[in-house]
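Fold and contact review
Each chain is listed here by its residues.
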Amino acid sequence: MKPVLGTEISIGGRRWSQKLNDNIETDRLVYTIVQRYDLPEIIARLLVARNVSIEEVDGFLNPKLRDIMPDPSSLMDMDVAVDRLVEAISDNELIGIFADYDVDGATSSALLKKYLDSLNIRNELYIPDRMKDGYGPNKQGLEYLKAKGASLILTLDCGILAFDVLDDFYIQGGEVIVVDHHMAEPKLPKAIAVINPNRLDDLSDVENLAAVGVVFLLLVALTRRLRKVGWFSKKPEPDLLQWLDLVAIGTICDVVELRGLNRAFVAQGLKVMALQKNIGVKALREVARVNSKPNSYQVGFTLGPRINAAGRVGEPELGARLLSCDDEIYAMNMSSLLDEQNKLRQQIEGSVLEQALSLVNEDNEKENVIVVAADNWHPGVIGIVAARLREKFNKPACVVSIQNGIGKGSGRSISGWDLGSAIIGAVQSDVLKGGGGHKMAAGFSVGSDKVSELKQYLNDHFNRSVVELDNVVSLPIDGLITVGAVKGEFLELLERLEPFGAGNPEPRFVIPSLKVKYATIVGGQHIKCRFAEKSSGEINGICFRSVGTKVGDVLLSQNGMPLHVACKIRKNLWQGRASIQVIVDDIALP
C-alpha cells in the first residue's frame, strides 16, 4: 500500500502505513457492516482495519460475559484442582498463595485472596523478591508457606517451568496447584494439578488469557462445585462479578490480546471499577490523581506502573496487599508508598535506558534482535528498558543484568515473532540456564559467558521463523482528519471501540499541514504544544518522552513550517474542565 501522504520516512524515522487497504472488497465489507448494524462509516472502517468479521461486530462492540464464557472444566486439570480445593475448604485447611511480582501476579493473588477471605478460609500470601528470589516458585517461599501451616499451595502466574523446585517439593509431600498462562513444554512440573490454557494438551481455546483470567475461571468452577455440595446453604455465595476490576487490571497490564473473553473481562471490569467499591483500587486512583471514567489507557499507564513498582524496586507484596485490603487508611498509606516507589523506579529506569542505548551500536542495529548486557543493572527495570528499546528500534529487544557471573534477562517482542518459544528453545539448547514467557514477553537467566551465544541464537531463530522483515519502522494510520472534525461527537464515536489494547489498538490519525503556535517542555521529558490549522482552528497536543529526539527538536524549533501530525485523539480533564487534545506519535514534513 502507498504510504500515507507519501511519508516513506517521517521525522521520527517511520513509514506511515495505511492500516486499511482501500479497494472494492474493503468498501463492500465496510458498507455491509454499516447497513447491517446501523453504524457510522468511520466505525465500520476501524472495525474492518482490526480484522473484525461481520459476524463478530456485535460481540466486539458489546462484549457480554454470559455470551462467551467458556466452561471452566474445559481446561485440563481444572476439575482435579477444584476437587482438592473443595476438600481444603471443607476441612478448613490453610491455603498458601504464591504469586508472581508483576501486575498479573498481584491481581491474581488479590482475586484469590478476596475470594477465600469472603468464605472465611484461612490463607497466607507470599510474593517472591525479584532481587533475592528471582522469578517463579522457589524453595524458601514454598517452605515459608508450609511453615505457616499451608497444606495446599497455589502458584499463580508462575510455575509452569519450575521443574526442579516443584518436583522436589512434590517428592517431599508438598501439595501444589499450578495456575499459569505462560508457554509450556511437553514436560509438566509435578503437582496435584497444572491449569494452563497454554499446555500443549489443552484444548480449551482460551490460550490468550492472562493468569488473572485463568484464576477467575478457577473460581467460577470452584463456586459451582461448592454450590453443588451445599456449601452456600447457610452462607452467602460470593458475587464474582464484583472483582472483575482486578481481572481487567491484570489483563490490560499483561498486554494480552483484548479479543473474545479478554475483551469481555476488561469491558465489564472497567464498569465495576467505575463503581469504586474496591478500596485498594479506589485509593490507587486517588493517589494517581485519576478522576475520569476508567479506561484501558488509565489502567495501563497510571495504575499498572504503580502496582508494578512494588515488585520492581520496593516490597513485592505491597501491590497484592493493597488490591485485596478492606481498610481505607491502610489502602491510602500503601497507595502513597507505591507512588513513591514508582517515582524511584522511573529514576532508575532512566539511568539504565541511557546506558542501554549507548550499547546499541552499529553491530546491534544490523541485527534483527537486540541484546544488550551490563553489570549490576537493576533487575527491576530491565523489562521496561527492553520495551523502550523495542519501541525505538521496532525490533525484539532483550536486556540482561549481570551479577556474579549470572545474567537475569527480560525481553519484549514485536508482532509476528514468538519470543516465548524462542526462549524455551534456548533453554532446551543449553544456551540459557532457565526461562519462559509468552509471545510478546519473556524472562530468562543466562551465564555471562553465554550472552553472545544467546544473541546469535535469537537472531538465527528470528531469521528462520520470520519470512519477511521491513527494516523501516511502520506506523499504522487509520485515516486523515482535520482539526475542525475533532469534536466531542467524534470522540464519542471512537469510544464505542473501547477498550483499547493489544489486538484493538487505539485509533491513530494524521492531521495534515499544522503549524506549531508554541511548544514548551513539561515534566522534563515531554513537550506540550498548540497546533494551528489554516482553516479549521487550533488544538492542544502533547508529545510524550520526546525531549532530545528529532521529533522533539522540530516541535521546539517552531519555525513556522507546516507539519503532518500523526496522533491519537483523547479527552483531557484538567481542574474539572474537559477539552480535546492530540497525543503526538510522530510528525512529517509535507
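Notes on the structure follow. No experiment lies behind these values; they were computed from the predicted model shown.

Considering the side chain of aspartate 104
Along the chain, aspartate 104 turns up in helix H6 (residues 103-118). Buried aspartate 104, no salt bridge; nearest opposite-charge side chain is arginine 412, N-O distance 12 Å. The contact partners of aspartate 104, leaving out residues within four places of it in the chain, are Asp157, His181, Ala210, Ala211, Val212, Gly250 and Asp254.

Let's talk about the pattern of salt bridges
For the structure on display, the rule yields 32 salt bridges. Between aspartate 478 and lysine 19 there is a salt bridge whose closest N-O contact spans 3.7 Å. You can see aspartate 478 sitting in the loop between strand S12 (473-477) and strand S13 (479-480) and its partner lysine 19 sitting in the loop between strand S1 (14-18) and helix H1 (24-37), a full 459 residues away along the chain. Among the salt bridges present, the one from lysine 114 reaches aspartate 326, with a minimum N-O distance of 3.4 Å. Highlighted residues: lysine 114 in helix H6 and aspartate 326 in the loop between helix H14 (318-324) and helix H15 (328-359), separated in sequence by 212 residues. The exposure class assigned to lysine 114 is buried, which follows from its relative accessible area of 10%. Judged by relative accessible area, which is 60%, aspartate 326 ranks as exposed. One network of salt bridges, in which partners are shared, links Arg345, Glu349, Arg388, Glu391 and Arg545.

Remarks on the sheet that holds strand S3 (residues 123-126)
Strand order across the open sheet formed by five strands is S3-S2-S4-S5-S6, with parallel pairing between neighbours. Every other strand in the sheet has two partners, leaving S3 and strand S6 (193-195) as the edge strands with one partner each. Neighbouring strand axes in the sheet, compared pairwise and without regard to direction, differ in orientation by 15° on average. Note: strand S5 (residues 176-179) against S6, three bridges, orientation parallel. Bridging across to S6, valine 178 finds its partner in valine 194. Against the sheet, helix H7 (residues 139-147) contacts strand S2 (94-99), S3 and strand S4 (150-156), and its axis sits at roughly 160° relative to S3.

Notes on H15
Under the 1.5 Å per step criterion, the end-to-end length of H15 is 46 Å for 32 residues, consistent within 8% with the ideal 46 Å. Taken residue by residue, H15 has Ala331, Met334, Ser335, Leu338, Asp339, Gln341, Asn342, Arg345, Glu349, Val352, Leu353 and Ala356 as its buried positions. As for H15, its buried residues are in contact with helix H12 (279-287), helix H13 (296-313), H14, strand S7 (370-375) and helix H17 (382-393). Where H15 begins, the capping side chain belongs to aspartate 327, and its oxygen is found 3.0 Å from the backbone nitrogen of isoleucine 329.

Things to note about the packing of aromatic side chains
Within the structure shown, the criterion is met by seven aromatic pairs. Feature note: the residues Phe98, Tyr126 and Tyr144 constitute an aromatic cluster, connected by ring pairs. The lysine or arginine in question, lysine 187, covers the ring of phenylalanine 163, its NZ or CZ lying 4.6 Å from the ring centre.

Overview of the packing of helix H18 (residues 419-428) against helix H19 (residues 451-465)
In a pair of packed helices, the angle between the axes and the distance between the axes together describe the arrangement. The contact between H18 and H19 brings their axes to 10 Å, and the two run at 130°. Comparing the axis directions of H18 and H19 gives the class oblique. Note on packing geometry: the crossing formed by H18 with H19 is right-handed. Residue-level contacts link Ser421, Ala422, Ile423, Gly425 and Ala426 of H18 to Leu454, Tyr457, Leu458 and His461 of H19. Looking at the contact of H18 with H19, its residues break down into six nonpolar, three polar and no charged.

A word on the pairing of strand S17 (residues 563-574)
Note that strand S14 (residues 509-522) and S17 share four bridges and pair antiparallel. Of the residues in S17, the one forming a bridge with leucine 514 is leucine 563. Pairing analysis gives eleven bridges linking S17 to strand S18 (residues 577-588), with the strands arranged antiparallel. Along S18, the bridge assignment pairs tryptophan 574 with arginine 577.

Cut-offs used in this document
Residues numbered from 1 in each chain as written. Predicted model: local features only at pLDDT ≥ 70, side-chain atom pairs only at ≥ 80, totals over all residues. Heavy atoms only, no water. Helix = DSSP H or I, 4+ residues; strand = E, 2+ residues; numbered from the N terminus. Buried < 20%, exposed > 50% of the residue type's maximum accessible area, 1.4 Å probe, protein only. Lys, Arg positive; Asp, Glu negative; His and termini not counted. Salt bridge = Lys/Arg side-chain N within 4 Å of Asp/Glu carboxyl O. Contact = heavy atoms within 4.5 Å. Pairing = 2+ DSSP bridges. Axes fitted to C-alpha atoms, helices over the stretch in contact; angles between N-to-C directions. Expected span 1.5 Å × (residues − 1). Polar contact = N/O pair within 3.5 Å; in protein donor to acceptor, adjacent residues only side chain to side chain. Phe/Tyr/Trp six-rings, centres within 6.5 Å; stacked < 30°, edge-to-face > 60°. Lys NZ or Arg CZ within 6 Å of the ring centre and 35° of its normal. Parallel < 35°, antiparallel > 145°, perpendicular 65-115°, else oblique. Left-handed = near helix turned anticlockwise from the far one by under 90°. Nonpolar A, V, L, I, M, F, W, Y, C, P; charged D, E, K, R; others polar.

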